[in-house]
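Structure at a glance
Take a look at the letters that make up each chain.
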Amino acid sequence: MKKITSFFVLLALIFGQLNAQINLEGESYTQNFDQLEDGIPTGWKISTKATASALGEDAIFNADQKGVWNGTGGGFKNYASGTGMQADATNGEQDAATNRA
């Protein structure tokens, strides 16, 4: 059994994909998304159609595609942060917000 497991580990190392855009070092990691209107941060990507065994297809992030809190459509969107806003903020107030998430 040990030989079979080792064989599959070896196959995974030979044929597996290595996908690492961010090297995590130290005790913690934080990422600032404050400039989201300029696109996603360097080293990050977004994917669609991901599964448990595949990362999916690369997707395009459109910073101009602003979402509203009560929106139900799918996709990758640029939402207004809740910082400094009321829960009942109108769609117009959310669209005008410069603090994005």
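As shown above, the structure is provided for reference.
No experiment lies behind these values; they were computed from the predicted model shown.

This brings us to the environment of Gln-35. One can find Gln-35 in the loop between helix 1 (2-15) and strand 1 (47-48). Exposure remark for Gln-35: the relative accessible area of 48% places this residue in the partly exposed category. Considered as a pair, Gln-35 and Asn-99 are 64 residues apart in the sequence and their alpha carbons are 9.0 Å apart.

Our focus in this paragraph is unusual backbone geometry. Among all residues except glycine, the phi angle is most often negative; among peptide bonds, the trans geometry is most common. Positive phi, normally seen in glycine, also occurs at Lys-49, with a value near 65°. Note on placement: Lys-49 falls in the loop between strand 1 and strand 2 (57-58).

Looking now at the side chain of Ser-81. When you line up the elements, Ser-81 lands in the loop between strand 4 (78-79) and helix 2 (91-96). Since its relative accessible area comes to 13%, Ser-81 is described here as buried. Within the local environment of Ser-81, its side chain forms a polar contact with the side chain of Thr-83, the two groups lying 3.1 Å apart. Discounting chain neighbours no more than four positions away, the residues touching Ser-81 are Trp-69, Asn-99, Arg-100 and Ala-101.

Moving on, we come to the environment of Asp-34. Its place among the elements puts Asp-34 in the loop between helix 1 and strand 1. Accessibility expressed as a relative area gives 47% for Asp-34, which makes it partly exposed. Each C-alpha atom, one on Asp-34 and one on Ala-101, is 7.5 Å from the other, the two residues being 67 residues apart in sequence.

One pass over the full model with this rule turns up 2 salt bridges. Among the ionic pairs, Lys-45 bridges to Asp-58, the shortest N-O distance being 3.1 Å. Of the two residues, Lys-45 is situated in the loop between helix 1 and strand 1 and Asp-58 in strand 2; the sequence distance between them amounts to 13 residues. Classification of Lys-45 by relative accessible area gives partly exposed; the value is 37%. Classification of Asp-58 as exposed rests on a relative accessible area of 59%.

Analysis parameters
Residues numbered from 1 in each chain as written. Predicted model: local features only at pLDDT ≥ 70, side-chain atom pairs only at ≥ 80, totals over all residues. Heavy atoms only, no water. Helix = DSSP H or I, 4+ residues; strand = E, 2+ residues; numbered from the N terminus. Buried < 20%, exposed > 50% of the residue type's maximum accessible area, 1.4 Å probe, protein only. Polar contact = N/O pair within 3.5 Å; in protein donor to acceptor, adjacent residues only side chain to side chain. Contact = heavy atoms within 4.5 Å. Salt bridge = Lys/Arg side-chain N within 4 Å of Asp/Glu carboxyl O.

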